[in-house]
Amino acid sequence: MDYDFLLNLVKNRRSIRRFKKDTIPDEIIEKILEVARWAPSGFNLQPWEFVVVEKEALRRDVIKITTEFWRQSAEMEQARPENSGRSWKLTGINNEKGDYTEAPVYIIVCGDPRTKTGLPMGVQCDRYRQETIYTSGLANTFLYMTLAATALGLASQWYSAVQTPYASCMIKNLLNIPMDFDIYDMLVLGYPAISPPKKLLRDREKMIHWNGCGHADLRNDAEAKEFVLKARNWNIGTHSRKAKN
């Protein structure tokens, strides 16, 4: 096992929001899913199902369904309190050159709620733990997919608009996914049309605590707020970058 290879891989794993139209061979997608199915999950119940959307007509329908979320988000940003960061300008999103709508493959990760019955009774009788253990498994397999994509030279975007109530309902109907299943998230997959900026990270020394962690060891409120604003502005900048010609 090579630690340096792993560290380099996670450093290069980034959410990319500008894609080329180039197709991805099925064997590459299968390699990504082979890694994903080895992810850890509570009681090894493997609650995931993977729906690969390659057909352009279906991808266009998914885009159309999720556009409503972006319209609502743009309106909701107008209600953002002052001094909480600049508004997220969403005008034109979903039709910019090279954005996620150009990517050739979407992978929707679904959760099978029937797997929860396999959890220990101490978990089943605790709705909060039951849900977090179930969701953590889905998050694990999703993260494995992003790492596999990075290792194979692909770009990916963690696209969460599919889990909103309207989008989830309509996408299930579109793709014949059972209504009682859960849409966790969608991985947008393709070849990158941009190079991501250097990632903003918190200082290592300020987030690692040995043998305990009290208020004196943590950031104060002003420091936390300062970083949140900085991170928000950094993230908005990554959304607005233009694809290469």
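The preceding data block contains the structure.
Keep in mind the model is a prediction, meaning the values are calculated, not measured.

Visitor: Give me the overall build of the chain: which residues, what numbers.
Guide: In terms of helices and strands, the chain carries seven helices and four strands. Each helix and strand of the chain, placed in order from N terminus to C terminus, yields the pattern α-α-β-α-β-α-α-β-α-β-α. Here the chain has a C-alpha radius of gyration of 19 Å; the compact-globule value for 245 residues is 18 Å, and the two agree. For the C-alpha atoms alone, the extent of the chain along its principal axes is close to 55 × 50 × 45 Å. Out of the 245 residues in the chain, the part that is buried amounts to 37%. Expressed as a percentage of contacts within the chain between residues at least 6 apart in sequence, the contacts between residues at least 24 apart total 82%. When the accessible surface of the chain is totalled, it reaches about 15,100 Å², and 54% of it is carbon and sulfur. Where the 35 positive side-chain charges of the chain centre and where its 30 negative ones centre are 5 Å apart.

Visitor: Give me the lowdown on the environment of Arg13, citing residues and values where you can.
Guide: Looking at the element boundaries, Arg13 is found in the loop between α1 (3-12) and α2 (26-36). Residue classification places Arg13 among the buried positions, given a relative accessible area of 17%.

Visitor: Give me the pattern of salt bridges: which residues, what numbers.
Guide: A full pass over the atoms with the stated rule returns eight salt bridges. One salt bridge connects Arg71 with Glu75, and the closest N-O pair in it is separated by 2.7 Å. Here Arg71 and its partner Glu75 are both found in helix α3 (residues 56-77), four residues apart, which amounts to about one turn of the helix. Overall, Glu75 belongs to the partly exposed group, its relative accessible area being 46%. Measuring nitrogen to oxygen at the nearest pair gives 2.8 Å for the salt bridge that ties Lys116 to Glu131.

About the thresholds
- Each chain carries its own residue numbering, running from 1 in the direction its sequence is written.
- In keeping with the predicted nature of the model, local features appear solely for residues at pLDDT of at least 70, side-chain atom pairs appear and are counted solely at 80 or more, and the whole-chain, interface and lining totals rest on all residues.
- The basis for every side-chain value is the complete set of heavy atoms in the structure, and neither hydrogens nor water enter the calculation.
- Helix and strand definitions follow DSSP, with helices as H or I runs of at least four residues and strands as E runs of at least two, each counted in order from the N terminus.
- Radius of gyration means the value over C-alpha atoms here, while the globule rule gives 2.2 Å times the residue count to the 0.38 power.
- For each residue, the accessible area found with a 1.4 Å probe, counting protein chains only, is set against the maximum for its type, and the residue is called buried under 20%, exposed over 50%, and partly exposed in between.
- We call two residues in contact whenever any of their non-hydrogen atoms come within 4.5 Å of each other.
- Note on areas: these come from Shrake-Rupley sampling with a 1.4 Å probe, and a residue is covered only by the protein chains present in the view.
- In summary, the charge assignment counts Lys and Arg as positive and Asp and Glu as negative, without counting His or the chain termini.
- Note on charges: their place is set at NZ of Lys, CZ of Arg, CG of Asp or CD of Glu.
- Here a salt bridge means any side-chain nitrogen of Lys or Arg lying within 4 Å of a carboxyl oxygen belonging to Asp or Glu.

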